[in-house]
Amino acid sequence: MLRSSPTGSDGADRPLLILVSPMAELTRGYMLQAVAKEHRIWVFKEEEPTWDQPLVCGHTVVDTLDHEAMLRAAHDVAAGPVPVSGILCWDETRILPSALLAESLGLPTMPSAVVATCRDKLATRNALRRHGASPVHAVAARDTGEALHAAATIGYPVVLKPRALVGSNGTTLVAGPEHLTEVFESVATRSMPEVRERFPEPVVVEEYLDGPEISVDSLCWDGEVTPVFVARKHLGFPPHFEEVGHTVDAADPLLRDAELARALHAAHAAVGLTRGWTHTEWRLTARGPRLVEINARSGGDLIPYLGRMVTGVDAALAAVSLALGERPALPVGPRGAAAIRFLYPERDTVVGSVRVDRSNLPSTVELVEILATPGQRLLLPPAAHVTCRYALVIVTGDTAEQCAEALDAAERAVRVVPGG
């Protein structure tokens, strides 16, 4: 279904880009707002626009997991008065069909083969192993027996991961054979409706990487990898790896760490990635940085929002430049730190209300967003993932330590009241 809207029609001289799946207003709305100021945006999505309607010049309702369906829709858009100049996507589950779409249209893109390698956790590990980069023992398993054999070879503890899910969904730390036998099936059958990749060996068994976990959003241009901002990751709900917060500091010494820089270059080269914006996740082990995963898009959980606050670099505008085949500018202007914390109930809860005592919020709070609605049932991991958050808080400060103190105070001022 192809529809135009008058919004943005006065900028007909600006490039027209197709955005595949704008996602939710809270998590990616700031990115669409940034690109819509300078470019004409046509969105492909599964339903009619809502919050994004005022920001786009047109839309098509189409299956965004089907690149052939999107290709037919793109030809309809291109038949209009303004040619399509690029394809945008910051939705992890749709970056592969978006790359295939761009290739079919002859538009700049990260090669689909590279994106497919990044999407498949086993393919990533195999590529790293072939290039001697960030060595981590990893084996794919078809069933519990294969997983037990792999774990015995690697040595406990191990981590079980679904091969193609997102956001640490289903990722579980396993202490021993009995624990592995108990959880394997739930990891193997873990699914998300927006993930269509299927593998005969659905689980990857990996050695456990000890040490702090970070993520790095980087620009890769002609093989040169520039880390733009580092997020220190805060995890919860062991043995699962629920991401409960992130801290971005413009003065983070890891931005100038030579060992991490070498690891970044090696990982990008191993998967064949020469141009693009990436979100890599790492464990800082005693043996040096070890890659957890490499994603062919900007970070989630509002990390690019934090990064923009403390560096001035807008990952959304960088994505536009890359979609047009241009090298993004990086106008870095470091200014302090910013952090986000997601709030979870102490136990499984039916929400009555979420109350914010604004009089007790620190002055450095930038945003408090209530995520849960009355009557909603919040189930803690592993029963649910991400959807059990009842609120988020974003703060700023001169240092990461100041941000942590402000988040502690803010969390005490935001509470969930159980319902009946």
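Description of the structure in this document. Since this is a predicted model, take the numbers as computed values, not measurements. (Residues numbered from 1 in each chain as written. Predicted model: local features only at pLDDT ≥ 70, side-chain atom pairs only at ≥ 80, totals over all residues. Heavy atoms only, no water.)

### Here we look at the overall build of the protein
Helix and strand counts for the protein come out as 11 helices and 20 strands. Computed over C-alpha atoms, the radius of gyration of the protein comes to 21 Å, within 12% of the 22 Å expected from 2.2 N^0.38 for 420 residues, which places it in the range of a compact globule. In terms of overall dimensions, the protein has C-alpha extents of about 65 × 55 × 45 Å along its principal axes. Here the protein holds 420 residues, and the buried ones make up 55% of them. Here the protein displays about 17,500 Å² of accessible surface, and carbon together with sulfur accounts for 52% of that area. Of the side chains in the protein, 39 bear a positive and 52 a negative charge, and the two mean positions are spaced by 0 Å. (Helix = DSSP H or I, 4+ residues; strand = E, 2+ residues; numbered from the N terminus. Rg over C-alpha atoms; globule rule 2.2 N^0.38 Å. Buried < 20%, exposed > 50% of the residue type's maximum accessible area, 1.4 Å probe, protein only. Areas by Shrake-Rupley, 256 points an atom, 1.4 Å probe, with all protein chains shown as cover. Lys, Arg positive; Asp, Glu negative; His and termini not counted. Charge placed at Lys NZ, Arg CZ, Asp CG, Glu CD.)

### Thoughts on unusual backbone geometry
Residue Pro-157 is reached from Tyr-156 by a cis peptide bond, and omega for that bond is -5 degrees. When you line up the elements, Pro-157 lands in the loop between α6 (144-154) and β7 (158-162). Of note in this structure, Met-23 is not a glycine but carries a positive phi near 70 degrees. Inspection of the secondary structure assignment puts Met-23 in the loop between β2 (16-20) and α1 (25-36). Judged by its relative accessible area of 32%, Met-23 falls in the partly exposed class. At Phe-237, a position not held by glycine, the phi torsion is positive, near 60 degrees. Summarising the element assignment, Phe-237 is placed in the loop between β11 (224-236) and β12 (242-249).

### Topic: helix α3 (residues 95-105)
When α3 is considered as a whole, its buried residues turn out to be Ile-95, Leu-96, Pro-97, Ser-98, Ala-99, Leu-101 and Ala-102. As for α3, its buried residues are in contact with β2, β3 (40-45), α2 (67-78), β5 (84-88) and α4 (112-119). (Contact = heavy atoms within 4.5 Å.)

### Digging into the environment of Val-386
Position of Val-386 among the secondary structure elements: in the loop between β18 (377-378) and β19 (391-397). In this structure the C-alpha to C-alpha distance between Val-386 and Gly-336, which are 50 residues apart in sequence, comes to 28 Å.

### Description of the sheet that holds strand β16 (residues 349-356)
Taken in spatial order, the three strands of this open sheet run β18-β16-β20, and their pairing is antiparallel. What marks the edges here is a single partner per strand, and that holds for β18 and β20 (414-418). Where β16 meets β18, two bridges bridge the pair, whose relative direction is antiparallel. Looking at β18, one finds that Thr-349 is bridged to Leu-378. (Pairing = 2+ DSSP bridges.)

### Some remarks on the pairing of β2
Extensive coverage of β2 is indicated by the burial of five of its five residues. Going residue by residue along β2, you find Leu-16, Ile-18 and Val-20 tucked away on one face and Leu-17 and Leu-19 tucked away on the opposite face as well. Of the strand pairs in this sheet, β2 and β3 are connected by five bridges, and their pairing is parallel. Each residue of the ladder has a partner; that of Leu-19, found in β3, is Val-43. As paired strands, β2 and β5 are joined by four bridges and run parallel to one another. Among the inter-strand pairings, Ile-18 is bridged to a residue of β5, identified as Ile-87.

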